[in-house]
Amino acid sequence: MTTTTQFDTLPERAEIQRGLVAVAMSGGVDSSTVPALLQEQGRPVVGLTMQLWNQRRLPELQGDGPAQHRCCSLDDVYDAKAVAQHLKFPHYVVNFEAQFEERVVRPFVNQYLSGRTPIACTNCNTDVKFEPLLRMARQIGAERLATGHYARIRKNDVTGRWELLRARDESKDQSYFLWGLSQQQLSRSEFPLGELTKEEVRAVARRAQLPVAEKPESMELCFVPNGNYVQFIQAYSRASGISLHGSEGEIVTETGEVIGRHNGVHEFTIGQRKGLGFAVGKPLYVISIDQKQNRVVVGDDDALRTTAFQIEDVNWVSCDTPDAPLYAFAKIRHKHEPAAATIEPLGMNRARITFDSPQRAITPGQAAVFYDGDRVLGGGWIR
Amino acid sequence: MNRVYFDYNATTPVEPEVLDAMLPYFSGEFGNAASIHTPGQRARGAVETAREQVAALIGARAQEIVFTSGGTESDNHAVFGVVVQAFLPVPTSKNPDPSPHIITTAIEHEAVLNACQALEKSGVRVTFLAANREGQIDLDELRQAVRPETVLITVMHANNELGTVQPLEEVGRIAKERDIYFHTDAVQSAGKVPIDVNKLGVDLLSLSAHKFYGPKGIGALYIRGGTRLRQLLYGGHHQRGFRPGTENVAGIVGLGKAAEIARESLAADARRVSTLRDKLEQGLLARVPHARVNGGASLRTPNTTNLVFPGIEGEALLIALDLKGLACSTGAACSSGAVEPSHVLTAIGLPPEEARASLRFSLGRHTTEQEIDFALQVVPSAVEQLRELSPTYPKVAEAR
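A. Up close: the overall build of chain B. In terms of regular secondary structure, chain B is built from 13 helices and 14 strands. The C-alpha radius of gyration computed for chain B amounts to 22 Å, which stays within 12% of the reference 21 Å derived for 400 residues, consistent with globular compactness. Viewed in the frame of its principal axes, chain B has a C-alpha envelope of about 65 × 65 × 35 Å. When each of the 400 residues of chain B is scored for burial, the buried share is 52%. Counting contacts in chain B only where the partners sit at least 6 residues apart, residues at least 24 apart contribute 73% of the total.

Below is the structure:
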């Protein structure tokens, strides 16, 4: 510009140069600490906050108050912006609503309606954060995308593979949600919090005087207000013209005895005890869901425990597809203690997993992720 | 970093002369223009001078200018003010419920669009005229849309995203023949193209200071003498009761000064800026494969070009360019700041992926030849970089 204008007084922004890192920022303390850490290393950063879901889409789920602590609530976006202003780096809100609905929300609803129990966070990672967002990061000139995930990435110089490892802080470890990442995605990603504990992250946030340093954590599924996913599925289905008519059906025992009725298989998950709607002598659990016949099958705790199952869409992360069965520790839900198992590749990206001892509530739609020590060998969706 | 600005349609820097004119009215001449005493009278004098300056810019009389907080308020005032106050035909057995009817276009600014939609919810009927690929409405369609209950035609002068200018004189004639009030949102044309409210035949016209080198937060509504218009706000008797509230004297003075400068330099600015705009546009068309101009065959404001670069996301290109020091715009920012697909580009028939692949460059009084050269250097390489990583670009290239 030849004249002096107000633009000269904007905060100084990162020059485009080799090593620019894009940071995916949700507005929470974890992802807000990432740019602070990167800046401490002297690296230029640009912040990207994804607009993923518009709560106005399903107005019937809106409470009376402002939309706080919900996905893409304006408060969270403003928090991310405030962090960027504070640390003086450029920040943009980017619109991925269409991709999020197509790749996360709709599959989430469809899975529940077909009697499975999906993990939306894994789809969001594999198909949104590390797909279109990572691409956009590279398109705007960043070499890599850094996120606030608690996990680690390292290059194995012997095998040449990018390996995914558990976080140093086991209580925060999120590697279970990241098994779907490809070698290329891993090679362009960074998880700077992987070596830190939650307390250390808070300490960094406080040291950097981040405006979100004391912000409480949110554990909810981001697009489902109040964690009520049944209500969400009903509202979304109504709004999208998906009929739930005729979804009600029978609750039966393993021997086929009808002991009750239900309002739709999407209200159930394997291992569930509550909400079966009747009382009998001994505790009963959902042991399987038969979507074809709209049946929820219940049984006692023993019936919940199984040993072998199949997985599909298997992705091998830290090693090549093995040509022989592999002995490792498999984890079948986020809070499951990994148990010893044999993983047998079956071709067509499928595999059979056989635990040494029966495990409780192996749930279709969840993921099985196999570990060798801290390394994530791979994972797949439970069929 | 060298920073160049191609977003004058979003806002413009306050001209130093404008700032100088405003400064005395913050602390020295701080009087309330509604006060009877001398300090009040001095403020009143400044306000009335500004009213004349604004009137002169659009060929109006000073008493027909009401100062507002900006374009959005002016638009709302015009739309709500006319409809609430309108005379309606007497109900008959054929037409038992003659609700008021508004005619507008699908490419209006949200200030008009959302005001009309709000009225629609309370029973007012609204016709949203389509626009063709060149951003032009069809006058026959307008004629056919008129009904006995039509109380307002509101058609924007220049479109903010495309720069395309509507044939307002024709619209004005149609409105006058049928005795319907005619409002135009001239926020994007005031100061850029000559405006004469009598030639255009408008009864109401909105403008905003910060689009032509004045301060933000001040604008005006032209109200032709005799127009039946309900006030929007209730309060004291300021501005003949049309717009109560203590007058923003410094802002009004800034608006007046900016209007005066715009009137004097409009012709020269338009010549210079359109030459630069054409150079930018031709240069980008020549350097970026498959690029096209949206609304390019239309009469346009001299400063605006809207280009589609098939195979890219405009949002990513905007960010990439900003990181290289070039500010431009795409679509419309929603409350979070994310880009939403432009309703204007969708309305003129662009498929969604092309609407998302479009970028607006708007130039201004301070744009230089060097800045155009910079853009011609930076934009094509940024588009190329995006296309290399774009999953959709190969299809685009193949199809042509």
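Still to come is the rest of the account.
B. Spotlight on the overall build of chain A. Along the backbone of chain A there are 7 helices and 17 strands. Relative to its length of 383 residues, chain A is compact, with a C-alpha radius of gyration of 23 Å against a globular reference of 21 Å. Along the first, second and third principal axes, the C-alpha set of chain A runs to 85 × 55 × 35 Å. Out of the 383 residues in chain A, the part that is buried amounts to 46%. At a minimum sequence separation of 6, the contacts of chain A that also span at least 24 residues come to 65%.

C. Structural detail: the sheet that holds strand 9 (residues 258-262) of chain A. Residues and elements named next belong to chain A. Read across the sheet, 4 strands follow the order 9-8-11-10 without closing on themselves; strand pairing throughout is mixed. Two strands in the sheet have a free side with no partner beyond their single neighbour: strand 9 and strand 10 (285-290). On average, each strand axis in the sheet is tilted by 30 degrees relative to the strand beside it, whichever way the strands run. Relative to strand 11 (residues 295-299), strand 8 (residues 249-253) runs parallel, the two being bridged by 4 bridges. Residue pairing for strand 11: Thr-253 is matched across the bridge by Val-298.

D. Broad picture of helix 3 (residues 97-113) of chain A. Residue and element names in this part refer to chain A. Taking the largest bend as the criterion, helix 3 deviates by roughly 30 degrees, centred on Arg-106, and proline Pro-107 comes between one and four positions later. Of the positions making up helix 3, those classed as buried are Phe-100, Glu-101, Val-104, Val-105, Phe-108, Val-109, Gln-111 and Tyr-112. The elements touched by buried residues of helix 3 are helix 4 (120-139) and helix 7 (229-240).

E. Spatial organisation of the environment of Leu-37 of chain A. Residues and elements named next belong to chain A. One can find Leu-37 in helix 1 (residues 29-40). Taking C-alpha positions, Leu-37 is 40 Å from Arg-360, a pair spaced 323 residues apart along the chain. In contact with Leu-37, not counting residues within four places along its chain, are Pro-192 and Val-204.

F. Main features of the confidence of the model for chain A. Residue and element names in this part refer to chain A. Summary statistics for chain A give a mean pLDDT of 89 and a share of 91% for residues scoring 70 or more. Confidence, expressed as mean pLDDT per element, reaches its minimum in chain A at strand 9 with 89 and its maximum at strand 1 (residues 21-24) with 98. Across residues 1-17 the pLDDT falls below 50, and counting only partners more than four positions away or on other chains, this stretch makes 29 contacts in the model. Residue range residues 64-69 is modelled with pLDDT below 50. Its contacts to residues more than four positions away, or to other chains, number 6 contacts.

G. Representation of the domain arrangement of chain B within the structure. All names here are of chain B. As far as domains go, chain B holds domain 1 (4-10 + 266-399) and domain 2 (16-262). In this structure, domain 1 and domain 2 have C-alpha centres spaced 29 Å apart. Taken residue by residue, the interface counts 22 residues in domain 1 and 25 residues in domain 2. Listing elements by their share of the side of domain 1 that touches domain 2, those giving two or more residues are helix 8 (249-287), strand 10 (304-308) and helix 10 (343-347). Of the residues in the side of domain 1 that touches domain 2, the class split is 9 nonpolar, 10 polar and 3 charged.

H. Fine view of unusual backbone geometry. Residue and element names in this part refer to chain A. We note that Asn-349 has phi near 60 degrees; this positive angle belongs to a residue other than glycine. Looking at the secondary structure, you find Asn-349 in the loop between strand 14 (339-347) and strand 15 (350-360). Since 15 C-beta atoms lie within 10 Å of it, Asn-349 is described here as partly exposed.

I. Spotlight on the pairing of strand 17 (residues 375-382) of chain A. Residues and elements named next belong to chain A. For strand 17, the buried fraction is high: 8 of the 8 residues fall into the buried class. Sheet topology places strand 6 (residues 162-166) next to strand 17; 2 bridges connect them, and they run antiparallel. Following the sheet pairing, Leu-164 is matched in strand 17 by Val-376. Alignment of strand 12 (residues 305-316) against strand 17, held across 4 bridges, turns out to be antiparallel. Bridging from a neighbouring strand, Asn-315 pairs with Gly-379 of strand 17. Following strand 16 (residues 367-372), the chain reverses through 2 residues before pairing antiparallel with strand 17; Gly-373 in that reversal takes a positive phi of roughly 65 degrees.

J. Broad picture of the domain arrangement of chain A. Along its sequence, chain A is carved into domain 1 (15-148 + 192-227), domain 2 (245-299) and domain 3 (305-382). Averaged C-alpha coordinates put domain 2 of chain A and domain 3 of chain A at centres separated by 27 Å.

K. Expanded view of the pairing of strand 15 of chain A. Residue and element names in this part refer to chain A. Where strand 12 and strand 15 come together, 6 bridges link them in antiparallel fashion. Note on strand 15: the bridge partner recorded for Thr-306 is Gln-359. Both strand 14 and strand 15 contribute to a ladder of 6 bridges, which runs antiparallel. Bridging from a neighbouring strand, Glu-344 pairs with Arg-352 of strand 15. What sits between strand 14 and strand 15 in their antiparallel hairpin is a turn of 2 residues, with Met-348 showing a positive phi close to 55 degrees.

L. Fine view of helix 6 (residues 168-178) of chain B. Residue and element names in this part refer to chain B. Among the residues of helix 6, Leu-168, Val-171, Gly-172 and Ala-175 are the ones counted as buried. For helix 6, the arc enclosing every buried residue in end-on projection is 100 degrees, short of the 170-degree limit, so these residues lie on one face. For helix 6, the elements touching its buried residues are helix 5 (139-145), strand 5 (150-154), strand 6 (181-185) and helix 7 (197-200). Taken from the residues just after helix 6, Asp-179 is the one with a positive phi, measuring 60 degrees.

What counts and what doesn't
Residues numbered from 1 in each chain as written. Chains lettered and ligands numbered in written order. Predicted model: local features only at pLDDT ≥ 70, side-chain atom pairs only at ≥ 80, totals over all residues. Helix = DSSP H or I, 4+ residues; strand = E, 2+ residues; numbered from the N terminus. Rg over C-alpha atoms; globule rule 2.2 N^0.38 Å. Buried ≥ 20, exposed ≤ 12 C-beta atoms within 10 Å, placed from the backbone. Contact = placed C-beta atoms within 7 Å. Pairing = 2+ DSSP bridges. Axes fitted to C-alpha atoms, helices over the stretch in contact; angles between N-to-C directions. Bend = angle between axes of the 7 residues up to and from the residue. pLDDT = per-residue confidence, 0-100. Domains from an automatic or database assignment. Nonpolar A, V, L, I, M, F, W, Y, C, P; charged D, E, K, R; others polar. Arc of directions from axis to C-beta.

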